[in-house]
Amino acid sequence: MKKILCLLVPIPSLMLSLSALQGSTKLAVTTKERYSEQSEYPNYAWKSSNIRISPKPSNTGKEIGIVETPGIKPLGYTKIGDIKVFRLTAQPVEQTLTDGAATHHQLLHAMKSILGIKALPTKKKLNGWGYNGSTPGPTIELTVGDKVRVIFRNELPEPTLIHWHGLEHPHALDKSSERNPVLPGETHVYEFTAYQEGTYLYHSGCSIAKQNRYGLVGMVIVHPKQYEEPVDRHIALLVQEWALNSQTLTPNTATNQFNWFTLNGHAAPSIPLITLRQGERVRLHVGSMALNTYPLFLHGYTWTLVGTEGGPISKTAQIKGATLHLLPGTTRTIEFTAWNPGTWPLYALTRHQSLSHMTDIPLEVTPNGGIFTLLKVVPTDPDAPWAHHSEATTEEGREFPRDLLS
Ligand SMILES: [Cu+2]
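Residues numbered from 1 in each chain as written. Predicted model: local features only at pLDDT ≥ 70, side-chain atom pairs only at ≥ 80, totals over all residues.

Visitor: How should I be thinking about the environment of Phe336 in this particular structure?
Guide: Relative to the helices and strands, Phe336 is located in strand β20 (residues 331-337). Along the backbone, Phe336 and Leu284 are 52 residues apart, and their C-alpha atoms lie at a distance of 8.7 Å. Setting aside its immediate chain neighbours within four residues, Phe336 contacts Val282, Tyr301, Trp303 and Thr304. (Helix = DSSP H or I, 4+ residues; strand = E, 2+ residues; numbered from the N terminus. Contact = placed C-beta atoms within 7 Å.)

Visitor: Please explain the sheet that holds strand β15 (residues 294-298) as it appears in this structure.
Guide: Strand pairing in a sheet relies on backbone hydrogen bonds. The paired strands run either parallel or antiparallel. Pairing in this open sheet of five strands is mixed, and the strands run β13-β22-β21-β15-β19 from one edge to the other. A single partner strand is all that each edge strand has here, and the edge strands are β13 (274-277) and β19 (323-326). Pairwise comparison of adjacent strand axes, ignoring direction, gives a mean angle of 20 degrees for this sheet. Pairing of β15 with β19 involves four bridges; the strand directions are antiparallel. Of the residues in β19, the one forming a bridge with Leu296 is Leu324. (Pairing = 2+ DSSP bridges. Axes fitted to C-alpha atoms, helices over the stretch in contact; angles between N-to-C directions.)

Visitor: What's the story with the environment of Ala290 in this structure? I'm lost.
Guide: Along the chain, Ala290 falls in the loop between β14 (281-288) and β15. Between the C-alpha atoms of Ala290 and Phe261, which are 29 residues apart in sequence, the distance is 9.8 Å. Each residue touching Ala290, except ones within four places of it in the same chain, is listed here: Val239, Gln240, Glu241 and Pro328.

Visitor: Help me understand the nonpolar core, please; the structure alone is not making it clear to me.
Guide: One broad trend across soluble globular proteins is that nonpolar side chains are buried collectively. Counting 82 residues, the largest nonpolar core has Val220 and Ile371 as its most contacted members. Residue-level mapping places this core at the junction of two domains, with at least three residues from each of domain 1 (67-103 + 121-223) and domain 2 (233-396). Excluding residues within four positions of it along the chain, Val220 makes contact with Ile140, Leu142, Trp164, Leu167, Tyr200, Leu201 and Tyr202. (Core = buried A, V, L, I, M, F, W, Y, C linked by C-beta atoms within 7 Å. Buried ≥ 20, exposed ≤ 12 C-beta atoms within 10 Å, placed from the backbone. Domains from an automatic or database assignment.)

Visitor: Please clarify how the sheet that holds strand β10 (residues 217-223) should be interpreted in this entry.
Guide: Judged by pairing direction, the sheet is mixed, and its four strands sit side by side in the order β5-β10-β9-β7 without closing on themselves. This sheet does not close on itself; its edge strands, each paired only once, are β5 (140-143) and β7 (162-165). Here the strands of the sheet are splayed against their neighbours by 25 degrees on average, with no regard to which way each runs. Looking at chain direction, β5 and β10 are connected through four bridges and run parallel. Bridged to Ile140 within β10 is Val220.

Visitor: When you look at unusual backbone geometry in this model, what are you seeing that I'm missing?
Guide: Trans is the common state for peptide bonds, and a negative phi is the common state for residues other than glycine. In this structure, the amide linkage connecting Thr135 to the following residue, Pro136, adopts the cis form with an omega of -5 degrees. If you trace the backbone, Pro136 turns up in the loop between β4 (124-131) and β5. The omega angle of the peptide bond from Ala268 to Pro269 is 10 degrees, so this bond is cis rather than trans. In this structure, Pro269 sits in the loop between β12 (260-263) and β13. With a phi close to 45 degrees, Ser207 is a non-glycine residue in the positive phi region.

Visitor: Help me understand the environment of Gln318, please; the structure alone is not making it clear to me.
Guide: Mapped onto the fold, Gln318 is located in the loop between β17 (311-312) and β18 (319-321). Classification of Gln318 as partly exposed rests on a count of 15 C-beta atoms within 10 Å. Taking the C-alpha atoms as reference, Gln318 lies 5.7 Å from Val306; in sequence the two are twelve residues apart.

What follows is the structure in structure tokens.
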């Protein structure tokens, strides 16, 4: 009876006990054994001086597809036979969350008026972990039917591996459950076929409480072989949260009190504006591995939810909204036509998520935004009077690609 109780509490010891059961008939784990398990994962530094950090692969930054990830360079690939070969390296990254300068003067005005920011923005740097030099890592863009090879190198000071979040794949691809991570300085090749259309994620599947909040996350977007209704723009946005105080550069992994909030690795006012031409049909692919829920609101528009991390939603089941409740571990694909010209705020409605730094200084003097940017829709004819999309006609010179209500 005593032994059974030992297996039940606490939860971490349950996991250790189960792994012990696999190799022997023992039912309990001693304190000494527990320490020896833990010693496999000592408290590694942010960076190891013994591991050389590779430059970005030569094809990183080359346009390879149709998805834009504002603020993050696209990931190039090479084709070997019928296999698309990507190179992904996990490595320490020094990243500027905000340089204190606004990407657009209107963003600064909107932060003052909507968020109530009165002080000048400051700079904030991060010593985190990422892929190919950035956090989030580059978006991996595939097409259904693609045979994919990802040559993955670990340049972190500790073991890691990639978990392919939402992809249906053979068990052998998921090294995490075998407790068989890629060691520092080692290379591992992932090979799989892309079967599912949709928006997915990749992230560390190893020591996740630390490695995910250090920044090891990115998006995977799989296009169908042919879109039934193609859109003009595909834009990927990834939400992240960080626990950083004014003195520290590396994330605090001992708290869930996050105080910096980013979109594609940047905090306002340094998040790039999303600029669209009036009439463009756009898909936003939004993802999160954060621990909190992010209600993202877009002014001036109603969008249609067309997909989740489970793939596309059938036409009759699609729903409309203006606030996207982004839950941990989910992706949401929303679609709309940019009919409404103007510079529209896109931000996390939860007050502390649209700001950053709130735990360090009082709200009135908070200088930095968090998840807060603008969707700038450039009018086709700046002199044309505003008209609701239901009233716009081609005679008035406003042509939209398709039914704006769908
Ligand atoms: Cu996952």
